[in-house]
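Summary of structural features
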Amino acid sequence: MNLLLARLLFILGSMFIGYQTATSGGSSFIGISVGALAAIIMILLEAGLRKVSVSGLSSAVFGLILGLIMAKLVGDAFSLAPVDAGLLSRIRVGLTLIFCYLGMVMALRGKDEFNIIIPYVRLRRQDQAQDVVLLDTSVIIDGRIVDLCKTRFLGGKIIIPKFVLRELQQIADSTDPIKRQRGRRGLEILNHSCPNYD
């Protein structure tokens, strides 16, 4: 679904809810306007949160849940003491704010270790640039790239551009016997290590 379509549907839904709310005791035009305004404000807030990563948001939510649990436990401990009900409710609110803040801050600081807290969960942005290794003609002819690939020393995706393949083919078709041997050796290395190259 397109993002623009989702936003339009959200605005229309908010306007409908505003209309339904206003018909029970007010002007329908005011309800539609308030619904549309609320939807636009939410869309602007969402656009402002574009730089927030999923990893950071997940860590913050995890810290918030942990803070709520800690606040509940400590608040229950305070309820065992002979404390006035009004004072106890204020203490609970204060503890909730403090522990939620501390939990979120600690989780955001340690968001890189989030997969340690919850095993087998590793969050990664989909738009991260993948490591790419470009090979040129001399590296392929040299032949040591095969050993580097076997030992997994090179990380990321290995790419051989088409102009490098054309250059290897020209060298393999050369009239000079030394160049021809080097070009054929490079093509043999490619056929041996990655037979499905284009």
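1. Concerning the overall build of the protein chain
Tallying secondary structure elements over the protein chain gives 9 helices and 2 strands in all. When the helices and strands of the protein chain are read in sequence order from the N terminus, they spell out α-α-α-α-α-β-α-α-β-α-α. Working note: accessible area of the protein chain is about 14900 Å², and carbon and sulfur atoms make up 65% of it.

2. Quick notes on the pattern of salt bridges
Counted by the stated rule, this structure contains 2 salt bridges. Across the pair Lys72 and Asp76 runs a salt bridge, and its minimum N-O distance is 3.0 Å. Of this pair, Lys72 and Asp76 both sit in helix α3 (residues 54–79), 4 residues apart, which is roughly one turn of the helix. As a salt-bridge pair, Arg92 and Asp76 come within 3.4 Å of each other at their nearest N and O atoms. Of this pair, Arg92 sits in helix α4 (residues 85–109) while Asp76 sits in helix α3, and the two are 16 residues apart along the sequence. The partly exposed category is assigned to Arg92, whose relative accessible area is 29%. Its relative accessible area of 27% is what places Asp76 among the partly exposed residues. If you follow the salt bridges from partner to partner, you end up with Lys72, Asp76 and Arg92 in one network.

3. Regarding the nonpolar core
Residues Leu135, Ile140, Ile160, Leu168 and Leu190 are the most contacted members of the largest nonpolar core, which totals 15 residues. Those elements giving two or more residues to this core turn out to be α6 (137–142), α7 (145–150), α8 (162–172) and α9 (177–193). If sequence neighbours within four positions are ignored, Leu168 has contacts with Thr137, Ile140, Ile141, Gly183, Gly186, Leu187 and Leu190.

4. Some points on the environment of Phe99
Its location among the elements puts Phe99 in helix α4. When the C-alpha atoms of Phe99 and Gly67 are compared, they prove to be 4.5 Å apart, with 32 residues separating the residues in sequence. Aside from chain neighbours lying at most four places away, what touches Phe99 is Gly67, Met70, Ala71 and Val74.

5. Details of α4
Taking 1.5 Å of rise per residue, the 25 residues of α4 would be expected to cover 36 Å, and the 36 Å separating its terminal C-alpha atoms lies within 8% of that figure. Within α4 the residues assigned to the buried category are Leu88, Leu95, Cys100, Gly103 and Ala107.

6. Notes on the side chain of Ser14
Looking at where Ser14 falls in the secondary structure, it is placed in helix α1 (residues 3–23). Taking the relative accessible area as the measure of exposure, Ser14 reaches 14% and is therefore buried. Of the polar contacts made by the side chain of Ser14, one reaches the backbone oxygen of Phe10; its length is 2.9 Å. Among residues more than four places away in sequence, those in contact with Ser14 are Gly35 and Ala39.

7. Notes on a nonpolar patch on the surface
Together, Leu57, Val61, Ile65, Leu66, Ile69, Met70 and Leu73 line one region of the surface with nonpolar side chains, adding up to about 630 Å² of accessible area. Tracing the backbone shows Met70 in helix α3.

Scoring rules and cut-offs
- Residues numbered from 1 in each chain as written.
- Predicted model: local features only at pLDDT ≥ 70, side-chain atom pairs only at ≥ 80, totals over all residues.
- Heavy atoms only, no water.
- Helix = DSSP H or I, 4+ residues; strand = E, 2+ residues; numbered from the N terminus.
- Areas by Shrake-Rupley, 256 points an atom, 1.4 Å probe, with all protein chains shown as cover.
- Salt bridge = Lys/Arg side-chain N within 4 Å of Asp/Glu carboxyl O.
- Buried < 20%, exposed > 50% of the residue type's maximum accessible area, 1.4 Å probe, protein only.
- Core = buried A, V, L, I, M, F, W, Y, C linked by side-chain atoms within 4.5 Å.
- Contact = heavy atoms within 4.5 Å.
- Expected span 1.5 Å × (residues − 1).
- Polar contact = N/O pair within 3.5 Å; in protein donor to acceptor, adjacent residues only side chain to side chain.
- Patch = residues over 30% accessible without salt bridge, like charges linked within 9 Å, V, L, I, M, F, W, Y side chains within 5 Å.

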